[in-house]
Amino acid sequence: MDDDFDDFDDNGPMGTRNKWVFEISTEVANKVGGIYTVIRSKAGVTVDELGDHYCLIGPYNENSARLEVDPMEPTNEIMRRTLANMREKGVKVVFGRWLIDGYPRVVLFDVGSVAWKLEGWRKEFWEVAGIGIPWPDRECNDAVLLGFLVAWFLGEFRAQCEQCEGKQYLVAHFHEWMAGVGLVLCRCRNIDVSTIFTTHATLLGRFLCAGNVDFYNNLDKFDVDKEAGNRGIYHRYCMERSAAHCAHVFATVSDITALEAEHLLKRKPDIVTPNGLNVQKFQAIHEFQNLHAIAKEKIAEFVRGHFYGHYDFDIDKTIFMFTAGRYEFSNKGVDMFLEALARLNYYLKSSGSQMTVVAFLIFPAKTNNFNVDSLKGQAVVKQLRETVMEVQNDIGKRIFESCLGLASSANPQEGVTKLLSGSIPKSEELLQSEDLIKLKRCIFAAQRPNLPPVCTHNMTEDAKDPILNHVRRIQLFNNRADRVKIVFHPEFLSSTSALLAMDYEQFVRGCHLGVFVSYYEPWGYTPAECTVMGIPSITSNLSGFGCFMAEHIADPASYGIYIVDRRFRNPEESVQQLAGHLFDFTRQSRRQRIIQRNRTERLSELLDWKSLGLYYRKARQLALFKKYPEAIRPDSPKTPQFRYPRPASAPPSPGSSRASTPLPSEHGDDDEEDESYDDSDPNFQPIRMVSRGSEVFEGSYPVIKPIIKKSSNSNGN
């Protein structure tokens, strides 16, 4: 594959010694959203390729930069002269190294130091680009200040390069519309630099989906100027659209976003650059399975406390599912997940399944404090555990003292005779009355008259919360008879939490399945994170991750990647498909889940930046070719091709038979068996979709009026 990139060799006409790459974003060393994760995780691979000729540019945020940036003075003469000239003009700029993998160089501009230039720069931007910025829009004003500083920096850097021997090639990669002003100015000022613009999600697309519209069926019908104007973002939309059209190379993060950008921004992307992660492979295949077992036990401890008084289900026959992300009820597919959980509950009860599902919903929302009942549950269980351990220690001490006394008798043979004749302490001597009283008190304290709470916190607007309202509609209140339990945790997970003391990564490792059936998801880091941790997930074909996996895996379901069709099916059919996936997953044996996790973890190489970084490499090569065709071969580098075949052990046709798979033991944990199973085991047969309805269950499913408000196929029944 390296042969496709000969132009990047140091000995070529455009080696790394005379090529500079600048990446511009408002989230450089400044965590705001998902772009921070993209840039941070990709930096190590890019530095390995370009070395110190790779530099990140962004705004200076003192709070974050103080923790993440190691300030220093540049050693490169071109960079030193460039920054010195800007500082002489009153610009406050910080140069240093970002304290992440790769230790990349960063240039951070304090936009406040040039705020006095805002009026003049706004006027200039109107004259050269025809885009006016309203005064009250502070975010756009900051974008203008950053954009002019970036264009100033690139122009000054190019001027300093002219004093060097040999041609210097510059590539500037801009992320999102907030950094796009600098790109537009580079083209308007004819600065000799190749430009790339990446939109991770179109601005208008986010607003349209948040406004409850049939987005994907009407992509080619929207009056984009009118829609942007109605939402008060026309100037922002113009900034994004102009950046997309001015760039030498226009890129998006997924095929579904490319379709969106083609209709809303009126330019078809030149390349798709998928988002990756830094994958740390374990030396032994069972190591990540061990981490799963440890984290799962922590979640089980929380479940025991949360459901105290109603803990009448077997924790070893319990599946932990979760969904998480920004609190966008419809865009993140929470409505569809809850609807599918109601049907899953019916399927489990109708089939007489002994499995229990605990579904976690992790979405930050406005709360007052922890729910008192939730905290009380953890305290009650903790007290019961401590009491049991105290009684256990007392019993062990009594047995020890008794045996030691028998062994210390004057006649050793007499002690053996007493032991053989049963002269050891009786049960009433070991478990004394005071011990029974302690246990009874704890048992009585563990009883509760009310149902376990659905929400772990007190919501500020309980009656208006969409999740709680939907739970009320489907009536999943954690009743004893329900096989599906719901836990809504309206706060980001933290290892310092008094309720669920786990960070997000550890929590994900402890779950069995992640569900992310988003309606609007340009990429989707949450299912990708599940994949690299070996946790199966359910996604949709309206997410960039789902489209990417469907393209590169012959049979995604056999690798633990289930894809729900939300694009070509109506909402009811999508809910049925999701409920079917959930039910089939609960029917898997312990051994099948272990094998599936091994397969899922194997896909981590597909999502590693070491593989996906080649797409960014191609984008830079394409931008250089468009700007400097005389210095680059006309044939651009080939996009890397990945294709995971169907596992050899998967059955040739769908089936639900599990006769050949060993049944799980009656007692034991999910991971007690050997976790190094390989999918070459001929006995392994993954569960497949089975039909729903009268052929499987007697009777019909109770009618629940669908409230899913979006569909990519509005003509369906």
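Residues numbered from 1 in each chain as written. Predicted model: local features only at pLDDT ≥ 70, side-chain atom pairs only at ≥ 80, totals over all residues. Heavy atoms only, no water.

Draft legend 1. Structural context of the overall build of the protein. A count of helices and strands for the protein gives 23 helices and 17 strands. For the protein, the proportion of its 717 residues judged to be buried stands at 56%. Taking as baseline every contact in the protein between residues at least 6 positions apart, the subset at least 24 positions apart corresponds to 76%. By element, 51% of the accessible surface of the protein is carried by carbon and sulfur atoms, the whole surface being about 30,500 Å². (Helix = DSSP H or I, 4+ residues; strand = E, 2+ residues; numbered from the N terminus. Buried < 20%, exposed > 50% of the residue type's maximum accessible area, 1.4 Å probe, protein only. Contact = heavy atoms within 4.5 Å. Areas by Shrake-Rupley, 256 points an atom, 1.4 Å probe, with all protein chains shown as cover.)

Draft legend 2. How the structure looks around the pairing of strand E1 (residues 19-24). The element E1 is extensively covered by neighbouring structure, given that six of its six residues are classed as buried. Where burial is concerned, the two faces of E1 agree: the one with Lys19, Val21 and Glu23 and the one with Trp20, Phe22 and Ile24 are both buried. The pairing of E1 with strand E6 (residues 169-175) spans six bridges and is parallel. Each bridged residue has a counterpart across the sheet, and for Ile24 the counterpart in E6 is Phe174. With four bridges connecting them, E1 and strand E2 (residues 54-59) associate as parallel partners. Of the residues in E2, the one forming a bridge with Glu23 is Leu56. A crossover connection joins E1 to the parallel E2 through helix H1 (residues 34-50); in handedness this β-α-β unit is right-handed. (Pairing = 2+ DSSP bridges. Right-handed = clockwise from strand over helix to strand, strands pointing away.)

Draft legend 3. Representation of helix H22 (residues 590-602) in the model. Given a rise of 1.5 Å per residue, 13 residues ought to cover 18 Å, and the 19 Å separating the end C-alpha atoms of H22 matches this to within 8%. With respect to burial, H22 is a largely interior element, twelve of its 13 residues being buried. Regarding H22, the residues found buried are Arg590, Arg591, Gln592, Arg593, Ile594, Ile595, Gln596, Arg597, Asn598, Arg599, Thr600 and Glu601. Summarising the contacts, the buried residues of H22 are in contact with helix H11 (287-306), strand E10 (318-324), helix H19 (525-532), strand E17 (561-564) and helix H21 (571-586). (Expected span 1.5 Å × (residues − 1).)

Draft legend 4. Focus on the nonpolar core. Counting residues in each nonpolar core, the largest one holds 77 residues, and the members touching the most others are Phe22, Phe153, Phe174 and Phe215. Beyond its immediate sequence surroundings of up to four residues, Phe22 is in contact with Cys55, Ile57, Met79, Phe153, Leu154, Phe157, Leu170, Val171, Ala172 and His173. Counting 50 residues, the second-largest nonpolar core is a separate cluster that includes Phe360, Ile362, Val487 and Cys511. (Core = buried A, V, L, I, M, F, W, Y, C linked by side-chain atoms within 4.5 Å.)

Draft legend 5. Focus on the side chain of His306. Following the sequence through the fold, His306 ends up in helix H11. The exposure class of His306 is buried, given its relative accessible area of 2%. Not counting residues up to four positions away in its chain, the partners in contact with His306 are Ser374, Gln378, Arg448, Pro452, Pro453, Thr456 and Val487.

Draft legend 6. Main features of the sheet that holds E17. Read from one edge of the open sheet, six strands run E14-E11-E10-E15-E16-E17, paired in parallel fashion. Only two strands of the sheet have a single neighbouring strand rather than two, namely strand E14 (484-489) and E17. Strand-to-strand, the axes of this sheet are offset by a mean angle of 25°, without reference to chain direction. Running at roughly 150° to strand E16 (residues 537-540), H19 makes contact with E10, strand E15 (513-515), E16 and E17 of the sheet. (Axes fitted to C-alpha atoms, helices over the stretch in contact; angles between N-to-C directions.)

Draft legend 7. Quick look at the packing of H1 against helix H23 (residues 609-627). In contact at an axis separation of 10 Å, H1 and H23 are set at 75° when each is read in the N-to-C sense. Comparing the axis directions of H1 and H23 gives the class roughly perpendicular. Residues Val38, Ser41, Lys42, Val45, Thr46, Glu49 and Leu50 of H1 lie in contact with H23, whose contacting residues are Trp609, Lys610, Tyr616, Arg617 and Arg620. Residues of the contact of H1 with H23, tallied by class, amount to five nonpolar, two polar and five charged. (Parallel < 35°, antiparallel > 145°, perpendicular 65-115°, else oblique. Nonpolar A, V, L, I, M, F, W, Y, C, P; charged D, E, K, R; others polar.)

Draft legend 8. Highlighting the environment of Val484. Structurally, Val484 is set in strand E14. For the pair formed by Val484 and Leu344, sequence separation is 140 residues and the distance between their alpha carbons is 7.4 Å. Among residues more than four places away in sequence, those in contact with Val484 are Leu341, Leu344, Asn345, Leu348, Val357 and Leu476.

Draft legend 9. Spatial organisation of the sheet that holds strand E5 (residues 105-109). Judged by pairing direction, the sheet is mixed, and its nine strands sit side by side in the order E3-E4-E5-E2-E1-E6-E7-E8-E9 without closing on themselves. The open sheet terminates on both sides in strands that have one partner only, identified here as strand E3 (69-71) and strand E9 (271-272). Those strands touched by helix H9 (residues 234-246) are strand E7 (194-199) and strand E8 (249-252), and its axis lies near 135° from that of E7.

Draft legend 10. Representation of the side chain of Lys332 within the structure. Structurally, the position occupied by Lys332 is in the loop between E10 and helix H12 (334-350). Within the structure, the side chain of Lys332 is placed 2.6 Å from the side chain of Glu521, a separation counted as a polar contact. If we skip the residues at most four places from it in the chain, Lys332 touches Arg326, Phe363, Val517, Ser518 and Glu521. (Polar contact = N/O pair within 3.5 Å; in protein donor to acceptor, adjacent residues only side chain to side chain.)

Draft legend 11. Here's a closer look at the confidence of the model for the protein. When pLDDT is averaged along the protein, the result is 85, and 83% of the positions lie at 70 or above. Note on residues 1-14: pLDDT is under 50 here. Beyond four places in sequence and across chains, it has 37 contacts. Throughout residues 651-717 the model reports pLDDT below 50, and contacts reaching past four residues in sequence, or to other chains, amount to 161 contacts. (pLDDT = per-residue confidence, 0-100.)

Draft legend 12. Spotlight on unusual backbone geometry. Even without glycine at this site, Tyr103 takes up a positive phi of about 50°. Topologically, Tyr103 is positioned in the loop between strand E4 (93-98) and E5. Owing to a relative accessible area of 33%, Tyr103 belongs among the partly exposed residues under this scheme. Residues other than glycine seldom take positive phi values, yet Gln475 does so here, at roughly 60°. Relative to the assigned elements, Gln475 resides in the loop between helix H17 (466-474) and E14.

Draft legend 13. Fine view of the packing of aromatic side chains. Within the structure shown, the criterion is met by 29 aromatic pairs. On the basis of an interplanar angle of 5° and a centroid distance of 5.0 Å, the ring pair of Trp121 and Phe148 is categorised as stacked. Of this pair, Trp121 sits in helix H4 (residues 118-129) while Phe148 is found in helix H5 (residues 138-161), placing the two residues 27 residues apart along the sequence. The pair formed by Trp121 and Phe148 is uniform in burial state, with each residue classed as buried. Seen in terms of ring centroids, Phe197 and Phe250 are 6.1 Å apart; in terms of plane orientation they differ by 15°. Their pairing is stacked. You can see Phe197 sitting in strand E7 and its partner Phe250 sitting in strand E8, a full 53 residues away along the chain. Overall, the relative accessible area of 0% leaves Phe197 in the buried class. These aromatic residues form a ring-pair network of at least three members: Phe302, Phe320, Phe322, Phe360, Tyr504, Phe507 and Phe516. (Phe/Tyr/Trp six-rings, centres within 6.5 Å; stacked < 30°, edge-to-face > 60°.)

Draft legend 14. Examining the pattern of salt bridges more closely. Under the criterion given, the structure shown has 35 salt bridges. The partner of Glu297 in a salt bridge is Arg304, with the nearest N and O atoms 3.2 Å apart. A cluster of three or more residues bridged by salt bridges with shared partners is formed by Arg158, Glu162, Lys167, Asp192 and Lys627. (Salt bridge = Lys/Arg side-chain N within 4 Å of Asp/Glu carboxyl O.)

Draft legend 15. Structural context of the environment of Gly90. Within the secondary structure layout, Gly90 lies in the loop between helix H3 (77-88) and E4. Accessibility expressed as a relative area gives 40% for Gly90, which makes it partly exposed. For the pair Gly90 and Ser113, spaced 23 residues apart in the sequence, the C-alpha separation amounts to 7.1 Å.

Draft legend 16. Region of the structure containing H1. Here H1 is 17 residues long and its end C-alpha atoms lie 24 Å apart, about the 24 Å a rise of 1.5 Å per residue gives. The sharpest bend along H1 measures roughly 40° and falls at Ala43. Among the residues of H1, Ile35, Tyr36, Val38, Ile39, Ser41, Lys42, Ala43, Gly44, Thr46, Val47 and Leu50 are the ones counted as buried. Looking one or two residues beyond H1, the residue adopting positive phi is Gly51, at roughly 65°. (Bend = angle between axes of the 7 residues up to and from the residue.)

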